[in-house]
Amino acid sequence: MANLFTQAGVAGVVGGGESELEMTLDTIAINSIVPSPYQPRKAFPQKEIEELAESIKENSLAQPVLVRLVGHSFELVMGERRVLAYKHLGRKDIPAIIRELSNDEAARLALIENIQRVDLSPIEVAGSLNKLIGEFGYTQEEMAKQLGKGRSTITSLLNLLKLPGRIIELLNEGSISSSIGTVIQESDLLEKEKVDLADLAAKDSLSVRAVKALIAQIMRKRNESQVQKPKPVAPAWFDGVQAASESIKRSTGIGVKVKYQDKNDTFSVSITDVSLESTEDSQAAIGEFFDYLRSLKNDET
(Lines give C-alpha, C1' and ligand atoms only; values in the text may rest on other atoms or scores of the structure.)
Protein backbone atom coordinates (compact mmCIF):
# COMPACT_ATOMS: atom_id res chain seq x y z
CA MET A 1 0.00 0.00 0.00
CA ALA A 2 3.01 2.34 0.51
CA ASN A 3 3.35 2.87 -3.25
CA LEU A 4 0.10 4.87 -3.18
CA PHE A 5 1.75 7.63 -1.14
CA THR A 6 4.58 9.99 -1.95
CA GLN A 7 5.68 10.67 1.64
CA ALA A 8 7.53 8.14 3.71
CA GLY A 9 5.77 6.62 6.64
CA VAL A 10 2.22 7.29 5.45
CA ALA A 11 1.57 3.60 4.93
CA GLY A 12 2.23 3.11 8.60
CA VAL A 13 -0.31 5.78 9.52
CA VAL A 14 -2.97 4.28 7.26
CA GLY A 15 -2.26 0.86 8.67
CA GLY A 16 -2.65 2.05 12.27
CA GLY A 17 -5.62 2.06 14.59
CA GLU A 18 -9.14 3.13 13.80
CA SER A 19 -8.74 6.60 15.34
CA GLU A 20 -5.79 7.32 13.04
CA LEU A 21 -7.80 6.19 10.03
CA GLU A 22 -10.67 8.55 10.74
CA MET A 23 -8.80 11.51 9.25
CA THR A 24 -5.27 11.73 7.85
CA LEU A 25 -3.78 14.69 5.96
CA ASP A 26 -1.09 13.87 3.42
CA THR A 27 -0.03 14.07 -0.22
CA ILE A 28 -1.09 11.22 -2.48
CA ALA A 29 -0.36 10.22 -6.06
CA ILE A 30 -2.98 11.48 -8.48
CA ASN A 31 -2.89 8.23 -10.43
CA SER A 32 -3.98 6.40 -7.28
CA ILE A 33 -7.28 8.33 -7.21
CA VAL A 34 -10.41 6.80 -8.70
CA PRO A 35 -13.61 8.81 -9.34
CA SER A 36 -16.56 8.59 -6.99
CA PRO A 37 -19.61 6.65 -8.19
CA TYR A 38 -21.63 9.19 -6.22
CA GLN A 39 -20.31 12.28 -8.00
CA PRO A 40 -23.45 14.09 -9.15
CA ARG A 41 -21.70 16.29 -11.66
CA LYS A 42 -21.12 14.57 -14.99
CA ALA A 43 -19.36 17.29 -16.97
CA PHE A 44 -16.75 19.92 -16.10
CA PRO A 45 -16.27 22.75 -18.63
CA GLN A 46 -12.67 22.97 -19.78
CA LYS A 47 -12.58 26.73 -19.24
CA GLU A 48 -13.60 26.24 -15.60
CA ILE A 49 -10.76 23.75 -15.08
CA GLU A 50 -8.21 26.04 -16.77
CA GLU A 51 -9.23 29.00 -14.60
CA LEU A 52 -8.94 26.91 -11.43
CA ALA A 53 -5.55 25.58 -12.58
CA GLU A 54 -4.27 29.13 -13.10
CA SER A 55 -5.50 30.09 -9.62
CA ILE A 56 -3.74 27.08 -8.05
CA LYS A 57 -0.56 27.90 -9.96
CA GLU A 58 -0.54 31.47 -8.63
CA ASN A 59 -1.88 30.93 -5.10
CA SER A 60 -1.43 27.18 -4.39
CA LEU A 61 -4.27 24.86 -3.38
CA ALA A 62 -6.62 26.44 -0.84
CA GLN A 63 -8.16 23.19 0.36
CA PRO A 64 -7.03 19.55 0.06
CA VAL A 65 -9.25 17.05 -1.69
CA LEU A 66 -11.17 14.51 0.39
CA VAL A 67 -10.69 10.80 -0.34
CA ARG A 68 -11.42 7.48 1.29
CA LEU A 69 -9.40 4.29 1.00
CA VAL A 70 -11.23 1.65 -1.05
CA GLY A 71 -9.19 -1.49 -1.69
CA HIS A 72 -5.80 -0.33 -2.95
CA SER A 73 -7.00 3.00 -4.36
CA PHE A 74 -8.27 6.30 -3.06
CA GLU A 75 -11.85 7.04 -4.01
CA LEU A 76 -12.44 10.74 -4.50
CA VAL A 77 -15.22 12.09 -2.30
CA MET A 78 -14.82 15.86 -2.73
CA GLY A 79 -12.61 17.88 -5.06
CA GLU A 80 -12.87 16.50 -8.58
CA ARG A 81 -12.33 19.94 -10.13
CA ARG A 82 -9.14 20.33 -8.07
CA VAL A 83 -7.86 16.93 -9.26
CA LEU A 84 -8.59 17.86 -12.89
CA ALA A 85 -6.83 21.21 -12.42
CA TYR A 86 -3.75 19.46 -10.99
CA LYS A 87 -3.73 17.08 -13.95
CA HIS A 88 -4.01 20.10 -16.28
CA LEU A 89 -0.89 21.54 -14.62
CA GLY A 90 0.92 18.21 -15.14
CA ARG A 91 1.37 17.57 -11.43
CA LYS A 92 1.70 14.03 -10.12
CA ASP A 93 0.66 14.47 -6.48
CA ILE A 94 -2.05 16.38 -4.61
CA PRO A 95 -2.71 17.25 -0.94
CA ALA A 96 -5.54 15.10 0.42
CA ILE A 97 -7.53 14.39 3.54
CA ILE A 98 -8.02 10.65 3.97
CA ARG A 99 -11.15 9.74 5.92
CA GLU A 100 -13.01 6.62 6.82
CA LEU A 101 -16.46 6.99 5.27
CA SER A 102 -19.33 4.62 4.58
CA ASN A 103 -20.98 4.58 1.18
CA ASP A 104 -23.89 6.72 2.26
CA GLU A 105 -21.61 9.23 4.03
CA ALA A 106 -19.47 9.53 0.90
CA ALA A 107 -22.55 9.98 -1.28
CA ARG A 108 -24.03 12.66 1.00
CA LEU A 109 -20.77 14.59 1.20
CA ALA A 110 -20.33 14.52 -2.58
CA LEU A 111 -23.85 15.77 -3.16
CA ILE A 112 -23.83 18.43 -0.47
CA GLU A 113 -20.44 19.80 -1.52
CA ASN A 114 -21.42 20.03 -5.15
CA ILE A 115 -24.76 21.67 -4.47
CA GLN A 116 -23.04 24.26 -2.28
CA ARG A 117 -19.98 24.89 -4.43
CA VAL A 118 -20.89 24.45 -8.10
CA ASP A 119 -23.89 24.89 -10.34
CA LEU A 120 -25.22 21.40 -10.86
CA SER A 121 -27.98 20.89 -13.36
CA PRO A 122 -31.31 19.97 -11.73
CA ILE A 123 -31.09 16.56 -13.38
CA GLU A 124 -27.68 15.90 -11.81
CA VAL A 125 -29.06 16.84 -8.39
CA ALA A 126 -32.17 14.71 -8.96
CA GLY A 127 -30.05 11.73 -10.04
CA SER A 128 -27.97 11.92 -6.87
CA LEU A 129 -31.03 12.28 -4.67
CA ASN A 130 -32.60 9.28 -6.38
CA LYS A 131 -29.45 7.23 -5.75
CA LEU A 132 -29.33 8.21 -2.08
CA ILE A 133 -32.98 7.33 -1.60
CA GLY A 134 -32.80 4.12 -3.65
CA GLU A 135 -29.49 2.73 -2.37
CA PHE A 136 -29.40 3.94 1.22
CA GLY A 137 -33.08 4.20 2.13
CA TYR A 138 -33.21 7.90 2.85
CA THR A 139 -36.65 9.48 2.84
CA GLN A 140 -37.46 12.69 1.01
CA GLU A 141 -37.91 14.40 4.39
CA GLU A 142 -34.40 13.33 5.48
CA MET A 143 -32.83 14.56 2.24
CA ALA A 144 -34.66 17.87 2.55
CA LYS A 145 -33.24 18.32 6.06
CA GLN A 146 -29.71 17.37 4.96
CA LEU A 147 -29.74 19.86 2.11
CA GLY A 148 -31.68 22.61 3.85
CA LYS A 149 -34.46 22.40 1.25
CA GLY A 150 -38.23 22.05 1.49
CA ARG A 151 -39.82 18.63 1.01
CA SER A 152 -41.72 19.94 -2.04
CA THR A 153 -38.41 20.99 -3.65
CA ILE A 154 -37.02 17.46 -3.28
CA THR A 155 -40.22 15.96 -4.73
CA SER A 156 -40.17 18.33 -7.70
CA LEU A 157 -36.52 17.54 -8.44
CA LEU A 158 -37.15 13.77 -8.36
CA ASN A 159 -40.17 14.16 -10.63
CA LEU A 160 -37.95 15.76 -13.28
CA LEU A 161 -36.46 12.31 -13.90
CA LYS A 162 -39.85 11.25 -15.31
CA LEU A 163 -39.60 13.75 -18.18
CA PRO A 164 -38.87 12.63 -21.76
CA GLY A 165 -35.20 12.34 -22.68
CA ARG A 166 -35.19 15.45 -24.86
CA ILE A 167 -36.40 17.65 -21.99
CA ILE A 168 -33.79 16.12 -19.67
CA GLU A 169 -31.16 17.15 -22.23
CA LEU A 170 -32.45 20.73 -22.19
CA LEU A 171 -32.32 20.77 -18.40
CA ASN A 172 -28.75 19.43 -18.38
CA GLU A 173 -27.72 22.07 -20.91
CA GLY A 174 -29.31 24.81 -18.84
CA SER A 175 -31.56 25.71 -21.78
CA ILE A 176 -34.64 25.61 -19.54
CA SER A 177 -34.97 26.01 -15.79
CA SER A 178 -36.06 23.38 -13.30
CA SER A 179 -39.19 25.48 -12.67
CA ILE A 180 -40.20 25.18 -16.32
CA GLY A 181 -39.35 21.47 -16.27
CA THR A 182 -41.59 21.01 -13.22
CA VAL A 183 -44.50 22.91 -14.79
CA ILE A 184 -44.27 20.78 -17.94
CA GLN A 185 -43.89 17.52 -16.00
CA GLU A 186 -46.93 18.23 -13.83
CA SER A 187 -49.13 19.10 -16.82
CA ASP A 188 -51.52 16.72 -18.60
CA LEU A 189 -49.87 17.30 -21.97
CA LEU A 190 -49.02 14.37 -24.21
CA GLU A 191 -45.33 13.46 -24.44
CA LYS A 192 -44.85 15.08 -27.86
CA GLU A 193 -46.64 18.21 -26.65
CA LYS A 194 -44.31 18.37 -23.66
CA VAL A 195 -41.21 18.04 -25.83
CA ASP A 196 -42.42 20.62 -28.35
CA LEU A 197 -43.23 23.06 -25.57
CA ALA A 198 -39.85 22.57 -23.90
CA ASP A 199 -38.08 23.16 -27.22
CA LEU A 200 -40.10 26.34 -27.72
CA ALA A 201 -39.34 27.51 -24.17
CA ALA A 202 -35.62 26.99 -24.80
CA LYS A 203 -35.68 28.65 -28.23
CA ASP A 204 -37.66 31.73 -27.17
CA SER A 205 -36.41 31.92 -23.55
CA LEU A 206 -39.98 31.71 -22.29
CA SER A 207 -40.83 32.52 -18.68
CA VAL A 208 -42.63 30.12 -16.35
CA ARG A 209 -45.76 32.27 -16.68
CA ALA A 210 -45.62 32.07 -20.48
CA VAL A 211 -45.21 28.28 -20.36
CA LYS A 212 -48.20 27.95 -18.03
CA ALA A 213 -50.28 30.10 -20.40
CA LEU A 214 -49.35 27.91 -23.38
CA ILE A 215 -50.23 24.74 -21.44
CA ALA A 216 -53.65 26.21 -20.59
CA GLN A 217 -54.17 27.12 -24.26
CA ILE A 218 -53.26 23.61 -25.46
CA MET A 219 -55.54 21.97 -22.91
CA ARG A 220 -58.41 24.33 -23.76
CA LYS A 221 -58.18 23.50 -27.46
CA ARG A 222 -58.04 19.80 -26.68
CA ASN A 223 -61.11 19.97 -24.47
CA GLU A 224 -63.03 21.90 -27.13
CA SER A 225 -62.20 19.28 -29.74
CA GLN A 226 -63.33 16.48 -27.43
CA VAL A 227 -66.76 17.93 -26.66
CA GLN A 228 -69.22 15.14 -27.45
CA LYS A 229 -71.57 15.72 -30.31
CA PRO A 230 -75.25 15.39 -29.41
CA LYS A 231 -76.73 12.01 -30.13
CA PRO A 232 -78.65 11.92 -33.43
CA VAL A 233 -82.40 12.43 -33.10
CA ALA A 234 -84.29 9.73 -34.93
CA PRO A 235 -87.09 10.87 -37.27
CA ALA A 236 -90.75 10.15 -36.51
CA TRP A 237 -90.95 7.16 -38.86
CA PHE A 238 -88.32 5.35 -36.75
CA ASP A 239 -90.80 5.21 -33.86
CA GLY A 240 -92.77 2.63 -35.83
CA VAL A 241 -89.66 0.50 -36.33
CA GLN A 242 -88.93 0.50 -32.61
CA ALA A 243 -92.54 -0.32 -31.73
CA ALA A 244 -92.55 -3.26 -34.16
CA SER A 245 -89.27 -4.66 -32.76
CA GLU A 246 -90.56 -4.42 -29.18
CA SER A 247 -93.83 -6.13 -30.18
CA ILE A 248 -91.92 -9.13 -31.57
CA LYS A 249 -89.87 -9.43 -28.39
CA ARG A 250 -92.98 -9.42 -26.23
CA SER A 251 -94.90 -11.94 -28.31
CA THR A 252 -92.10 -14.38 -29.22
CA GLY A 253 -89.18 -13.74 -26.86
CA ILE A 254 -86.90 -13.19 -29.85
CA GLY A 255 -84.48 -10.30 -29.35
CA VAL A 256 -84.73 -7.66 -32.05
CA LYS A 257 -82.52 -4.60 -31.68
CA VAL A 258 -82.77 -1.60 -33.99
CA LYS A 259 -80.35 1.33 -34.08
CA TYR A 260 -80.78 4.59 -35.97
CA GLN A 261 -77.77 5.82 -37.98
CA ASP A 262 -77.83 9.54 -38.54
CA LYS A 263 -75.09 9.58 -41.15
CA ASN A 264 -77.15 7.95 -43.92
CA ASP A 265 -80.62 8.33 -42.37
CA THR A 266 -80.82 4.54 -42.08
CA PHE A 267 -80.98 1.98 -39.29
CA SER A 268 -79.45 -1.39 -38.49
CA VAL A 269 -81.28 -4.49 -37.25
CA SER A 270 -79.83 -7.33 -35.16
CA ILE A 271 -81.84 -10.42 -34.18
CA THR A 272 -80.84 -12.83 -31.39
CA ASP A 273 -82.27 -15.91 -29.69
CA VAL A 274 -83.53 -17.42 -32.97
CA SER A 275 -83.17 -21.18 -33.47
CA LEU A 276 -84.24 -23.70 -36.06
CA GLU A 277 -86.82 -24.89 -33.55
CA SER A 278 -88.55 -21.50 -33.45
CA THR A 279 -92.31 -21.82 -33.64
CA GLU A 280 -94.23 -21.04 -36.77
CA ASP A 281 -95.76 -18.06 -34.97
CA SER A 282 -92.31 -16.67 -34.22
CA GLN A 283 -91.15 -17.16 -37.81
CA ALA A 284 -94.29 -15.53 -39.06
CA ALA A 285 -93.77 -12.56 -36.72
CA ILE A 286 -90.24 -12.04 -37.99
CA GLY A 287 -91.48 -12.30 -41.56
CA GLU A 288 -94.14 -9.67 -40.91
CA PHE A 289 -91.48 -7.42 -39.31
CA PHE A 290 -89.30 -7.54 -42.40
CA ASP A 291 -92.35 -7.00 -44.63
CA TYR A 292 -92.97 -3.85 -42.60
CA LEU A 293 -89.37 -2.72 -43.10
CA ARG A 294 -89.66 -3.34 -46.86
CA SER A 295 -92.82 -1.25 -46.93
CA LEU A 296 -90.89 1.66 -45.39
CA LYS A 297 -88.33 1.43 -48.16
CA ASN A 298 -91.09 1.32 -50.79
CA ASP A 299 -92.68 4.42 -49.23
CA GLU A 300 -89.39 6.30 -49.63
CA THR A 301 -89.31 5.50 -53.36
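Quick note: structure is the one above.
Residues numbered from 1 in each chain as written. Predicted model: local features only at pLDDT ≥ 70, side-chain atom pairs only at ≥ 80, totals over all residues. Heavy atoms only, no water.

Caption draft 1: View of the overall build of the protein chain. From N to C terminus, the protein chain includes 14 helices and seven strands. A buried classification covers 36% of the 301 residues belonging to the protein chain. Sequence-distant contacts, at least 24 apart, represent 65% of the contacts inside the protein chain between residues at least 6 apart. (Helix = DSSP H or I, 4+ residues; strand = E, 2+ residues; numbered from the N terminus. Buried < 20%, exposed > 50% of the residue type's maximum accessible area, 1.4 Å probe, protein only. Contact = heavy atoms within 4.5 Å.)

Caption draft 2: Fine view of the nonpolar core. By size, the foremost hydrophobic cluster in this structure holds 40 residues, and its most contacted members are Leu129, Ile167, Ile176, Ile184 and Val211. The element best represented in this core is helix α6 (residues 122-136), accounting for five residues. (Core = buried A, V, L, I, M, F, W, Y, C linked by side-chain atoms within 4.5 Å.)

Caption draft 3: Examining unusual backbone geometry more closely. Backbone geometry at Ser60 places phi at a positive 75°, although glycine is not the residue there. Take Ser60: it is sitting in the loop between α3 (46-59) and β3 (65-70). A positive phi angle, close to 50°, is found at Ser205, a residue other than glycine.

Caption draft 4: Region of the structure containing the packing of helix α7 (residues 140-147) against helix α8 (residues 151-159). Where α7 contacts α8, the two axes come as close as 8 Å, and the packing angle between them is 110°. In terms of axis orientation, α7 runs roughly perpendicular to α8. Our pair here, α7 against α8, has a crossing hand that is right-handed. On α8, the residues touching Gln140, Glu141, Met143, Ala144 and Leu147 of α7 are Arg151, Ile154, Thr155 and Leu158. Residue composition of the contact of α7 with α8, grouped by class: five nonpolar, two polar and two charged. (Axes fitted to C-alpha atoms, helices over the stretch in contact; angles between N-to-C directions. Parallel < 35°, antiparallel > 145°, perpendicular 65-115°, else oblique. Left-handed = near helix turned anticlockwise from the far one by under 90°. Nonpolar A, V, L, I, M, F, W, Y, C, P; charged D, E, K, R; others polar.)

Caption draft 5: Main features of the pattern of salt bridges. Under the counting rule described, the total for this entry stands at eight salt bridges. Arg81 is the partner of Glu48 in a salt bridge, and the nearest nitrogen-oxygen pair spans 3.4 Å. With Glu48 in helix α3 and Arg81 in helix α4 (residues 80-88), this residue pair connects regions lying 33 residues apart in the sequence. On the basis of relative accessible area, Arg81 is assigned to the partly exposed category, the value being 26%. Salt bridges sharing partners connect three or more residues here, namely Arg166, Glu169 and Asp199. (Salt bridge = Lys/Arg side-chain N within 4 Å of Asp/Glu carboxyl O.)

Caption draft 6: Up close: helix α9 (residues 165-173). For α9, the full list of buried residues reads Ile167, Ile168, Leu170 and Leu171. Seen end-on, α9 carries its buried residues on one side only, within an arc spanning 160°. Where α9 is buried, its residues contact α6, α10 (178-186) and α11 (191-204). One or two residues past the end of α9 sits Gly174, with phi positive at roughly 80°. (Arc of directions from axis to C-beta.)

Caption draft 7: Local environment of the side chain of Glu75. Within the element layout of this structure, Glu75 appears in strand β4 (residues 73-78). Setting aside chain neighbours within four positions, we find Glu75 in contact with Val34, Pro35, Ser36, Pro37, Tyr38, Leu66, Val67, Arg68 and Val70.

Caption draft 8: Just the packing of α6 against α9, in detail. Between α6 and α9, the least distance of the axes is 7 Å, while the angle of their chain directions is 110°. With respect to α9, the element α6 is oriented roughly perpendicular. Packed against α6, whose contacting residues are Pro122, Ile123 and Glu124, the element α9 presents Ile168, Leu171 and Asn172 at the interface. Per-class residue counts for the contact of α6 with α9 are four nonpolar, one polar and one charged.

Caption draft 9: View of a nonpolar patch on the surface. Residues Val269, Ile271 and Phe290 make up a contiguous nonpolar surface patch of about 190 Å² in total accessible area. With respect to the helices, strands and loops of the structure, Phe290 is situated in helix α14 (residues 280-300). (Patch = residues over 30% accessible without salt bridge, like charges linked within 9 Å, V, L, I, M, F, W, Y side chains within 5 Å. Areas by Shrake-Rupley, 256 points an atom, 1.4 Å probe, with all protein chains shown as cover.)

Caption draft 10: Quick look at the sheet that holds β3. Spatially, the five strands line up as an open sheet ordered β1-β5-β3-β4-β2, and their pairing is mixed. Looking at which strands have only one partner, the edges of the open sheet turn out to be β1 (23-29) and β2 (33-34). Relative to β4, β3 runs antiparallel, the two sharing five bridges. Each bridged residue has a counterpart across the sheet, and for Leu66 the counterpart in β4 is Met78. Contacting β2, β3, β4 and β5 (93-99), α4 runs over the sheet at an angle of about 155° to β5. (Pairing = 2+ DSSP bridges.)

Don't take any of this as a statement about function, it's just geometry.
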